[in-house]
Amino acid sequence: MNRPQLCSRRHFLHANGFGLGTVALASLLERDGLLAAPVKPESFGEIRYDLTPKKPHFEPRAKAMISLFMMGGPSQMDLFDPKPMLTKYHGQKFPGEIKYDNLAQASAKCFGSPWKFEKRGQCGMEISELLPNLSKVVDEITLIRSMTSGVSNHAQGLYAMNGGRITAGRPALGSWLTYGLGSETDELPAYMVLSHPGGLPTFQGEHFTNGWLPSLFQGTLVRPTEPRILNLDPPASLAGAPQERQLALLKAFNEDHLSQHRGELDLQARISSYELAAKMQTAAKEALDISKEPDHVKKLYGVDNPTTKDYATRCIIARRLVERGVRYVQVLNAGQSWDQHGSLITALPKNCEATDQPSAALISDLKQRGLLDTTVVHWGGEMGRLPVLQNDAGREKWGRDHNTYGFSMWVAGGGFKKGYVHGETDEFGHKAVIDEVKHFDYHATLLKLFGLDHSKLTYKRNGLAASLTDNQGAKVVDQLIA
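Residues numbered from 1 in each chain as written. Predicted model: local features only at pLDDT ≥ 70, side-chain atom pairs only at ≥ 80, totals over all residues. Heavy atoms only, no water.

K.L.:
Any chance you could explain the overall build of the protein here in plain terms?
P.N.:
A count of helices and strands for the protein gives 12 helices and 19 strands. Scored against the burial criterion, the 482 residues of the protein give a buried share of 54%. Residue pairs in contact within the protein that sit at least 24 positions apart in sequence constitute 79% of those at least 6 positions apart. (Helix = DSSP H or I, 4+ residues; strand = E, 2+ residues; numbered from the N terminus. Buried < 20%, exposed > 50% of the residue type's maximum accessible area, 1.4 Å probe, protein only. Contact = heavy atoms within 4.5 Å.)

In structure tokens form, the structure reads like this:
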């Protein structure tokens, strides 16, 4: 006769997880130190390996960040950095040296921008006609025209802008912020990534990797369509009252077990964590659902327009997440959609049409809610473009090659100056020549606004104090700070 197999408490917990997202659950458990702890290197300072709120090094200006990351390399001289000399020399030989990334399609002919620039806002910032909505909020942004990262390749540029160096495997910016500051919410992951319906950008998870930081600090990927987080809903047979009864039974088992193990605080914490994890079923679904947003807000972002609907929806979700205490949100595009080696004249306007209105609306919306002062909004990619023609096979095929020696991006809120243009490239838009901002200088400045000293936010690895700026001589660019 076979003996009935007993159901252990461990088996009960495993079998009755009610489909809760495993990443979120693991995050909550590790937050309270309840998972089997990995070998932890020595930390420098008072950093703890959990997501409880941590005290910064000094008083912060920013509490959260939304990065609108434009993978591929938006063309600075067509969007943010007008160059009359480039227009004057259009079609003529470039009077200097150019370092190409794609020699097969290279040309030495100057490519003047097909689009007009005008001074916008009270600050008089010159912005391309391709960005009519951003033009309405330029008095809120800092435009950096002198960004550099030094290697004209997508992978290395991505690693530099996201991870601090041009090498792979390093923690992303969002991981460093959550490592240093923890989270303001117990109901949602601290670092969330909103992907495009067309798929992830090139290099996929490299955008939100925790690298060699503990896995707790990895970004949580949110799908572009429902269900936005998989396995969040319980099976239909357990939804509602059945789940409540099972949770009540589980709680009774836990309390009985706790009564037999007085003084075991980690056990009490574990019970609290499982109860807290159940809240994710409500909190995450509510945060990711924009159906109850007022119509005027949806219209502001462009949800009513098929061209802008997706990006508008994700920008609204990003705002909802930071409202609820999420520390860092990254909104991604698909592939390398800003990588216009050819057909720039038709492809670049399409990119702008899809993203310009939602991006500008995000600034306006955060401001009217009183959140812009403490939320950094970033817009930019891993590089810019060259001032010469690529693929010189007819106007409809013209494009631009990579350029990381002088490109543009903008930031707003969180302590950055308003209506300010920083730095200059040369008269053709090729290289930064005044007030260059290296990628690690930008990171040092950003961390300062979050109350973090970039030289003290470190993690011991292979016996060395590794950091986001990583002994590259990074300096805070005080001119960017209000």
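K.L.:
Explain the nonpolar core here, please?
P.N.:
Within soluble globular proteins, side chains that are nonpolar generally end up buried alongside one another. Of all hydrophobic cores here, the largest spans 59 residues; its most connected members are Ile66, Leu68, Leu79, Phe80, Leu321 and Trp410. Residue contributions to this core peak at 9 residues, all from helix 11 (residues 344-368). Of all hydrophobic cores here, the second largest spans 47 residues; its members include Met71, Leu173, Leu181 and Tyr442. (Core = buried A, V, L, I, M, F, W, Y, C linked by side-chain atoms within 4.5 Å.)

K.L.:
Looking at this structure, I do not really get the environment of Leu288. What am I missing?
P.N.:
With respect to the element layout, Leu288 can be found in the loop between helix 8 (265-287) and helix 9 (295-301). Residues Leu288 and Arg228, 60 residues apart in the sequence, show an inter-C-alpha distance of 7.5 Å. Apart from the residues within four sequence positions on either side, Leu288 is in contact with Val222, Glu226, Arg228, Ile229, Ile317 and Leu321.

K.L.:
What am I meant to see in helix 11 here?
P.N.:
Turn by turn, an α-helix covers 3.6 residues, leaving residues three or four places apart pointing in a common direction. With 25 residues, helix 11 should cover 36 Å at 1.5 Å per step; its first-to-last C-alpha distance of 35 Å lies within 8% of that length. The largest bend in helix 11 comes to about 35°, at Thr355, with the proline Pro358 one to four residues further on. In the stretch just after helix 11, Gly370 is the one whose phi turns positive, near 75°. (Expected span 1.5 Å × (residues − 1). Bend = angle between axes of the 7 residues up to and from the residue.)

K.L.:
Sorry, what's going on with the environment of Lys397 here?
P.N.:
Note on placement: Lys397 falls in the loop between strand 11 (388-390) and strand 12 (402-403). Residue classification places Lys397 among the partly exposed residues on the basis of a relative accessible area of 40%. Separated by 57 residues in the primary sequence, Lys397 and Gln340 place their C-alpha atoms 9.8 Å from one another. Beyond its immediate chain neighbours, meaning those up to four positions away, Lys397 contacts His341, Gly342, Ser343, Gln390 and Asn391.

K.L.:
When you look at the side chain of Asp356 in this model, what are you seeing that I'm missing?
P.N.:
Assignment of secondary structure puts Asp356 in helix 11. Lys136 provides the closest opposite charge to the buried, salt-bridge-free Asp356, at an N-O distance of 7.8 Å. Side-chain polar atoms of Asp356 contact the backbone nitrogen of Leu134, separated by 3.0 Å. Sequence-distant contacts of Asp356, that is, excluding residues within four places in its chain, are made with Leu130, Leu131, Pro132, Asn133 and Leu134. (Lys, Arg positive; Asp, Glu negative; His and termini not counted. Salt bridge = Lys/Arg side-chain N within 4 Å of Asp/Glu carboxyl O. Polar contact = N/O pair within 3.5 Å; in protein donor to acceptor, adjacent residues only side chain to side chain.)

K.L.:
What is the right way to read the pattern of salt bridges from this model?
P.N.:
A side chain of one charge can pair with a side chain of the opposite charge if their charged atoms are brought near each other. In total, this model carries 25 salt bridges according to the counting rule given. Here Glu118 makes a salt bridge to Arg120, at a shortest N to O gap of 3.8 Å. Take Glu118: its relative accessible area is 44%, and that puts it in the partly exposed class. Shared partners join several salt bridges into a network, and the residues in it are Glu286, Glu293, Arg319, Arg320, Glu323, Arg324, Asp365 and Arg369.

K.L.:
Help me understand the pairing of strand 19 (residues 464-467) in this model?
P.N.:
Remark: a regular strand shows side chains that alternate across the two faces of the sheet. Here strand 18 (residues 458-461) pairs with strand 19 via 4 bridges, running antiparallel. Residue pairing for strand 19: Lys460 is matched across the bridge by Ala465. The turn linking strand 18 back onto strand 19 is made up of 2 residues, and Asn462 within it adopts a positive phi angle of 55°. (Pairing = 2+ DSSP bridges.)

K.L.:
Please explain helix 6 (residues 173-181) as it appears in this structure.
P.N.:
A large share of helix 6 lies buried, amounting to 9 of its 9 residues. Listing the buried residues of helix 6 in full gives Leu173, Gly174, Ser175, Trp176, Leu177, Thr178, Tyr179, Gly180 and Leu181. Once helix 6 finishes, Gly182 follows within two positions and takes phi at roughly 70°, a positive value.

K.L.:
In this structure, what is going on with the packing of aromatic side chains? I would like to understand it.
P.N.:
To describe a pair of aromatic rings, you give the distance between the ring centres and the angle between the ring planes. Within this structure, the stated rule accounts for 13 aromatic pairs. Ring centres 5.9 Å apart and planes at 80° place the aromatic pair Trp176 and Trp212 in the edge-to-face group. Placement of the pair is Trp176 in helix 6 and Trp212 in the loop between strand 6 (191-194) and strand 7 (220-222), with a sequence separation of 36 residues. Grouping residues by exposure puts Trp176 and Trp212 together as buried. Measuring from centroid to centroid gives 5.5 Å for Trp338 and Trp379, while their planes differ by 85°, and the two rings are edge-to-face. Taken together, the positions of Trp338 in the loop between strand 8 (328-332) and helix 11 and Trp379 in strand 9 (residues 375-380) put the pair 41 residues apart, joining distant regions of the chain. Comparing Trp338 with Trp379 shows no difference in burial state: the two are buried. Chaining the aromatic ring pairs together yields one cluster made of Trp176, Tyr179, Trp212, Phe217 and Tyr459. Over the aromatic face of Phe111 sits the side chain of Arg400, whose NZ or CZ is 4.0 Å from the ring centroid. Looking at Lys417, its charged tip hangs above the ring of Tyr420, at a distance of 4.5 Å from the centre. (Phe/Tyr/Trp six-rings, centres within 6.5 Å; stacked < 30°, edge-to-face > 60°. Lys NZ or Arg CZ within 6 Å of the ring centre and 35° of its normal.)

K.L.:
Which parts of the structure should I look at to understand the packing of helix 10 (residues 309-323) against helix 11?
P.N.:
Pairs of packed helices are described in terms of their axes, by the angle between the two and the distance that separates them. Where helix 10 meets helix 11, the axes come as close as 8 Å, and the angle between the chain directions of the two elements is 25°. The pairing of helix 10 with helix 11 is recorded here as roughly parallel in orientation. Crossing angle aside, the handedness with which helix 10 passes helix 11 is right-handed. Together, Tyr311, Ala312, Cys315, Arg319 and Val322 of helix 10 and Ala354, Thr355, Pro358, Ser359, Leu362, Asp365 and Leu366 of helix 11 make up the contact between the two elements. Here the contact of helix 10 with helix 11 is built from residues that sort into 8 nonpolar, 2 polar and 2 charged. (Axes fitted to C-alpha atoms, helices over the stretch in contact; angles between N-to-C directions. Parallel < 35°, antiparallel > 145°, perpendicular 65-115°, else oblique. Left-handed = near helix turned anticlockwise from the far one by under 90°. Nonpolar A, V, L, I, M, F, W, Y, C, P; charged D, E, K, R; others polar.)

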